[in-house]
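Residue strings, one per chain:
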Amino acid sequence: MRIVTGGIAQETNTFQRQPTTLADFLHPGFGYVGRGEALFDLEGTGTVYGGVFAEAQALGVELIPTTYAEVMPGGRVTREAFDTFRDEIVAGVRAVLPVDGVLLVLHGAMALEDHDDAEGLLLAAVREVVGPDVPIIAPLDLHTNLSPEMIEWADAFVGYKEYPHIDMPETGAHALRLLVDAVRGQTRPAMAHVNLPLIVANQAMVTTWQSPLKRAIDRAREVEGQPGVLAATVLGGFPFADLPFTGVATIVVTDDAPALARSLADELAAICWEAREDFAIHPTPVDKAIAEAMAAPAGSVYVLADVADSGASGTAGDGTAILAGLLAANARSAAMAQIMDAAAVAACIAAGVGSEVSLEVGGKHDGLHGPPVVVTGTVRLIHEGSFLLTGPMGAGTVASRGRTVLLAIGGPGGIELQLSELRGHPDELTYFRAFGIEPTERRMLVLKSAAHFRAAFEPIATQVIEVDAPGISSPKLMAFDYRALRRPIYPLDADASWSLAVKDWGLRKGAKE
Ligand SMILES: [Zn+2]
C-alpha cells in the first residue's frame, strides 16, 4: 500500500495586515517545515502527525513523506510561501506515482494574499496529479472555514472535536484509519456537509465547558458510534476571516450511505442553528476584571485572558489595554505573557540585565490593540526565547517567540512583563516557567490567548476572566468591518435564516452524493 502525505497548515486572520511569509514558516519554533524523512521527527509528539505516525505503525502501513509546513496564525500567506510548499508536495507525490491514497494535513482556514481558499488550491493541485480515483483525506482544525473547492476535491475530512485542540493526534489517527480502510476497499466514503449562515466567536466554541458548539460536538461523537458512520465533524469556523465561506459547518462521512450522511450533517447543523443566540460572549471590562482579582483571597490565581489579542488567532500580540489597567491599579503579583515589541526587546538587551529602563511598549503594530504604554522597570532576564513544549498541545515540539526579556515593574512582587520579538500563544505553564515565573504563585496571570490557555491554566486557576480589550480576535463580532462575508449571516443580520429546505446556499455542486 502506497500512501503519500504532506500538507500546509496556517490559520489566516484577514484583519491582520502583515502577511505571513516564507521566512515565517522557516523560523524554527514560530513555524515548522519537515521535508521528506525529516517529517518523521514528529513521531511521538502531541501533534497531528504524532497521531498519524503512531496509527500507521499500528496499522502496519508505511507512509511516504513529501513536505509538511505550518506556522503561527497570522495574516494572509504570501504566494511565494504557498507556491513553494505546494510545488514540493505536488512534486513529491508525482515522484512516487502510482499511489493508493493521499493524507493531506491541513488547517482549513488558510487564505493567500491573492486567493481566499488556499486549501482548495492545494487539494485541486494534488487531485490533478493523482486523478479522480485515488482517495484524498485530510484532518482539519475545528476552526476550518469550509469552502466549496475543499469539498469538491477531497473524499473525506475529519475535524478536531476539542478546543483547546488536545485531540490533534487522535484526529490525525482517525483520518489515517479512514484512508487506509478506503484504500483496502473495506469502505467507500460518502461525504455530506452543511455550511450555515452563522459566524460565532472562538470563545463560544470552547469544549472545557458546555459551550453551544460543544452540544453539537457531543452529538457528533454519538453519531460516530452509529453503524455505517465513519466520521462526524462540527466546524466552528474562524470568524476573524472576512471571506464568503467563513462560518459554522458540519461534515459527516458514511460508508457508502449518502442519504445517511446528508441527514446527520443536517441534524448537527440544526443543533448549531437552534443554539445561535447562545453563542454570544460578554467579556469583562479591564478595570472590573483587575479589581476582582485584586480583591480575591490570598493564594488566588486569576487568569485574565486577553482574548481579543490572541497570538493563536493571528493578532498583533502587542495589545496594551490590560497592562495599562494593571499600572493604573498599581497591581501586585501580576505576570504577563506577553507583549510583542522587538524594539523594546532590543532596548532592554542594550541596557543589560539589572538595568532600569523607561520605554514605550506595545501598541505599535496596527493601532487596533491599544496605544503604546510607558513603563519603567528593571531588566531581570534576557532569554533567546525558545523552549520545549511539554503541555497538552504540541508536546515534544519547540516553541520560540524570538528573544524575550522579563521586565520587573514596581520592584519585587510587582508586575512581571514579558516582552518578546514574536507573538506567542501561551497555552501551557512553560510560557511562564521558562522565564523564571511560577504561575501557581501569582495572583494574576495575563495571557494573550482566546481559549487554548484553558487546557493547562483552568486546572490551576481560581477564576478565569475573559477580558474586554481591543483586538482582532475579539468575541464582539458585530464590531468587525466585514465586507466579503456572505450576507445575510447571523448575528450580523437579524433576518439570516436557515432551514433544512434551503440548507447550504447552493454549495452542493461538489458534494459527493
Ligand atoms: Zn483551531
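Note that the structure is a prediction, hence the values are computed from the model and not measured.

Asks: Could you give an account of the sheet that holds strand 13 (residues 356-361), with specific residues and numbers?
Replies: Taken in spatial order, the 9 strands make up an open sheet running 10-20-11-19-12-18-17-14-13, and their pairing is mixed. Each edge of the open sheet is held by one strand with a lone partner, namely strand 10 (284-285) and strand 13. Both strand 11 (residues 302-305) and strand 19 (residues 444-447) contribute to a ladder of 4 bridges, which runs parallel. Residue pairing for strand 19: Val303 is matched across the bridge by Leu445. Contacts between helix 10 (residues 321-328) and the sheet are confined to strand 12 (334-340), strand 13, strand 14 (373-383), strand 17 (404-409), strand 18 (415-420), strand 19 and strand 20 (463-468), with strand 14 contributing the most and set at about 105° to the helix.

Asks: So, the coordination of the zinc ion: which residues are in play, and what are the values?
Replies: Of the protein atoms, only Asp141 (OD), Asp141 (OD), His143 (ND1) and His165 (NE2) coordinate the zinc ion, at distances of 2.1 to 2.7 Å. Coordination at the zinc ion comes from 4 donor atoms whose angles at the metal span 52 to 143°, giving a geometry best classed as irregular. The sequence pattern describing where the donors of the zinc ion fall on their chain is D-x1-H-x21-H. Of this pair, His143 sits in the loop between strand 5 (136-140) and helix 5 (148-153) while His165 is found in the loop between strand 6 (156-159) and helix 6 (168-183), placing the two residues 22 residues apart along the sequence. As far as the burial class goes, His143 and His165 line up, both buried.

Asks: Outline the pattern of salt bridges, listing residues and values.
Replies: Within this structure, the stated rule accounts for 28 salt bridges. Between Glu55 and Arg177 there is a salt bridge, with its nearest N and O atoms 3.3 Å apart. One end of the pair, Glu55, is in helix 2 (residues 48-59); the other, Arg177, is in helix 6, with 122 residues separating them in the sequence. Taking the shortest distance from any N to any O, the salt bridge between Arg188 and Asp256 comes out at 3.9 Å. Here Arg188 is found in the loop between helix 6 and strand 7 (189-195), whereas its partner Asp256 is found in the loop between strand 9 (249-255) and helix 8 (258-274), with 68 residues between them in sequence.

Asks: Which residues make up unusual backbone geometry, and what values do they have?
Replies: Excluding glycine, residues mostly carry a negative phi; peptide bonds, for their part, are mostly trans. Going from Ala337 to Gln338, the amide bond is cis rather than trans, its omega being 5°. Structurally, Gln338 can be placed in strand 12. Pro488 follows Arg487 through a cis peptide bond whose omega is -5°. By the element assignment, Pro488 lies in the segment after strand 20. In this model, Asn330 sits at a positive phi of 50°, which is unusual for a non-glycine residue. Along the polypeptide, Asn330 turns up in the loop between helix 10 and strand 12. Judged by relative accessible area, which is 56%, Asn330 ranks as exposed.

Asks: Tell me what's going on with the side chain of Glu119, and back it up with residues and numbers.
Replies: Mapping Glu119 onto the fold places it in helix 4 (residues 118-130). Setting aside its immediate chain neighbours within four residues, Glu119 contacts Gln10, Leu106, His107, Gly108, Ala109, Met110 and Met150.

Asks: Help me get a handle on the packing of aromatic side chains, residues and values and all.
Replies: For the structure on display, the rule yields 15 aromatic pairs. Centroid distance Phe238 to Phe240: 5.3 Å. Interplanar angle 85°. Geometry classified as edge-to-face. Overall, the relative accessible area of 0% leaves Phe240 in the buried class. Ring centres of Trp273 and Trp498 lie 6.5 Å apart, and the angle between their planes is 65°; this geometry places the pair in the edge-to-face category. Of this pair, Trp273 sits in helix 8 while Trp498 sits in the segment after strand 20, and the two are 225 residues apart along the sequence. Ring pairing ties together the aromatic residues Phe15, Phe238, Phe240, Phe480 and Tyr482, which thus form one cluster. The ring centre of Tyr490 lies 5.7 Å from the NZ or CZ of Arg276, which sits over that ring.

Asks: With reference to specific residues and values, describe the sheet that holds strand 8 (residues 229-235).
Replies: Spatially, 3 strands are ordered 7-9-8 in an open sheet, and the strand pairing comes out antiparallel. Across the chains shown, the open sheet's two edge strands, defined by having one partner strand only, are strand 7 and strand 8. The sheet shows a mean angle of 10° between the axes of neighbouring strands, direction not considered. In terms of strand pairing, strand 7 meets strand 9 through 7 bridges, oriented antiparallel. Among the inter-strand pairings, Ala192 is bridged to a residue of strand 9, identified as Val252. Packing of helix 6 onto the sheet brings it into contact with strand 7, strand 8 and strand 9, and relative to strand 8 it is tilted by some 145°.

What counts, and at which threshold
Residues numbered from 1 in each chain as written. Predicted model: local features only at pLDDT ≥ 70, side-chain atom pairs only at ≥ 80, totals over all residues. Heavy atoms only, no water. Pairing = 2+ DSSP bridges. Helix = DSSP H or I, 4+ residues; strand = E, 2+ residues; numbered from the N terminus. Contact = heavy atoms within 4.5 Å. Axes fitted to C-alpha atoms, helices over the stretch in contact; angles between N-to-C directions. Donors = N, O, S within 2.8 Å, 3.2 Å for Na, K, Ca; no water. Tetrahedral: all angles 85-135°; square planar, octahedral: opposite > 155°, others 65-115°. Buried < 20%, exposed > 50% of the residue type's maximum accessible area, 1.4 Å probe, protein only. Salt bridge = Lys/Arg side-chain N within 4 Å of Asp/Glu carboxyl O. Phe/Tyr/Trp six-rings, centres within 6.5 Å; stacked < 30°, edge-to-face > 60°. Lys NZ or Arg CZ within 6 Å of the ring centre and 35° of its normal.

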